[in-house]
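Coordinate analysis (summary)
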Amino acid sequence: MLKEALVNKLDYDELSNCMRCGFCQPACPTFRETGYEAASPRGRIALMKAVADGVMEPDKDFVDQMNLCLGCRACEPVCPAGVPYGQLIEQTREAIEEVQEHPWWVKAVRKLAFFHLFPHQKRMYQLGGLLRFYQRSGVQKAIRKLGVLSILPKQMREMEAIMPEASGKGIVDFFGGTIIPAVGERKYRVGMFHGCIMDVLFNETNRNTVQLLSEAGCEVIIAPDQVCCGALHAHSGEREQARNLARKNVAAFHKADVDIIVSNAGGCGAMLQEYDHLLAEDAEWQEKAQWFASRVKDISEVLALRVEPKAWQSLPQRITYQSSCHLRNGMKVTKEPVNLLQAIPGATYVQLREGDRCCGSAGIYNLVQPEMAGSLLDEKMGHVAATQADILVTSNPGCLLQMKAGIHRAGLEGKMEAVHIVDLLARVSSKQ
């Protein structure tokens, strides 16, 4: 029964901490789009509590509202009571997943992705190799020309159109080892979290990350036993599998004995930084998880301390920035990316209206909730177009793909490009 599962999973004290003040509503994208109380964080918490108290039965509408949430956590910074809404929605989805009966094909896809693909980096590289063959062998051009992709849903066609060049090898293969020395005097011993999807679809960004860290005086350690961060699992109700992945990552980086653990993906970083909460009830791993979480930083935080903008090449272009929700609301990193962009010589930084509002990517949200994601993206691209920027920068792979899709969708190709902040900084670095 879903009710019993919710009672067992939910942190009831945090549910009760919600004061129903409504400060979360203007910050919530789904509330702003629908105007429905149930589609706000306050409304969803009220539904959770009503079920836990036995006031209502958790029906399909309840489940639908929990799934409609983006998990962007924009409600958390504005909450005067400090309610950890992100944890509550993940606990609720875990309870739902525990009792929900999916169609056979959904079960098969979830099992394949969450248990047999993402947790195994070698399999991710094999998938990357297949995608690379598809992209470079002429098969992709032939399939597009024949119109075969027309059978796919619109959102999947859009994703295929902007898919970056895949790689069947990781950054360890590129650098020829797991230790990359610092350029000059070593300031930090940094563990590089390369991610599962990042090392396949954004391999160049990972390489640039290592290079920039090395030039900033960091000895970079690529822990060989690291795995997927578990963010997609946690957001999709598979929290136990997320815990399994967390234990493996904690062990891998603890063994590497690093000063800092760096992430270049806002979604991954926020998940890594909350391993202490995820493993809070695991006595064996709690202390090591706290050690791990306390060391996680975004790449922009490290570079903001170490880089020398005066040595950068001039970039006489207009730049705007779309903030990553989990970087901002989860990791609480807001100033560093903007400061780095504003320091680029010759560049004109243009503030993006509502650049702190979710773009609709939210992991796989744009695939499972295409209508809401599309609505958010269309509004976002209206603000982006108004900046007349040459370069749209973001700090998360999901956001980057969504921005690329938005540029394609809005007909801005040839006028604007979407770039990860690491790749832009690598572009202006005089040492590249």
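One can find the structure itself at the top, above this paragraph.
Reference entry: report on the structure contained in this document.

What counts, and where the lines are drawn
Residues numbered from 1 in each chain as written. Predicted model: local features only at pLDDT ≥ 70, side-chain atom pairs only at ≥ 80, totals over all residues. Heavy atoms only, no water. Helix = DSSP H or I, 4+ residues; strand = E, 2+ residues; numbered from the N terminus. Buried < 20%, exposed > 50% of the residue type's maximum accessible area, 1.4 Å probe, protein only. Contact = heavy atoms within 4.5 Å. Areas by Shrake-Rupley, 256 points an atom, 1.4 Å probe, with all protein chains shown as cover. Core = buried A, V, L, I, M, F, W, Y, C linked by side-chain atoms within 4.5 Å. Polar contact = N/O pair within 3.5 Å; in protein donor to acceptor, adjacent residues only side chain to side chain. Pairing = 2+ DSSP bridges. Axes fitted to C-alpha atoms, helices over the stretch in contact; angles between N-to-C directions.

1. Some words on the overall build of the protein
Helix and strand counts for the protein come out as 26 helices and nine strands. For the protein, buried positions account for 55% of its 432 residues. Taking contacts inside the protein between residues at least 6 apart in sequence as the whole, the part at least 24 apart equals 79%. Accessible surface computed for the protein: about 19400 Å², of which carbon and sulfur atoms make up 52%.

2. As for the nonpolar core
With 97 residues, the main nonpolar core has Tyr-275, Phe-292, Ile-344 and Leu-424 as its most contacted residues. Per element, the largest residue contribution to this core is seven residues, and it comes from helix H16 (residues 239-256). With residues up to four places along the chain from it excluded, the contact list for Leu-424 reads Leu-315, Ile-319, Leu-341, Ile-344, Ile-391, Val-393 and Val-419. Within the second largest apolar cluster, 22 residues are counted, among which are Cys-24, Met-66, Cys-69 and Ile-96.

3. Regarding the side chain of Asn-203
Residue position: Asn-203 is located in helix H14 (residues 203-215). Asn-203 gets classed as buried once you look at its relative accessible area, which sits at 6%. Of note is the side chain of Asn-203, whose polar atom sits 3.1 Å from the backbone oxygen of Lys-169. The contact partners of Asn-203, leaving out residues within four places of it in the chain, are Ser-167, Lys-169, Gly-170, Ile-171 and Met-198.

4. As for the environment of Glu-98
Inspection of the secondary structure assignment puts Glu-98 in helix H7 (residues 85-99). With 139 residues separating them in the primary sequence, Glu-98 and Gly-237 have C-alpha atoms 7.9 Å apart. Excluding residues within four positions of it along the chain, Glu-98 makes contact with Ala-5 and Lys-9.

5. So, the sheet that holds strand S7 (residues 348-349)
The strand order across the open sheet built from four strands is S7-S6-S8-S9, with neighbouring strands paired in parallel fashion. The open sheet has two edge strands, S7 and strand S9 (417-420), and neither has a second partner. Relative to S7, strand S6 (residues 318-321) runs parallel, the two being bridged by two bridges. Bridged to Arg-318 within S7 is Thr-348. Against the sheet, helix H25 (residues 397-409) engages strand S8 (391-394) and S9, with an angle of about 175° to S9. Docked against the sheet, helix H26 (residues 421-428) engages S6, S8 and S9, running at close to 90° with respect to S9.

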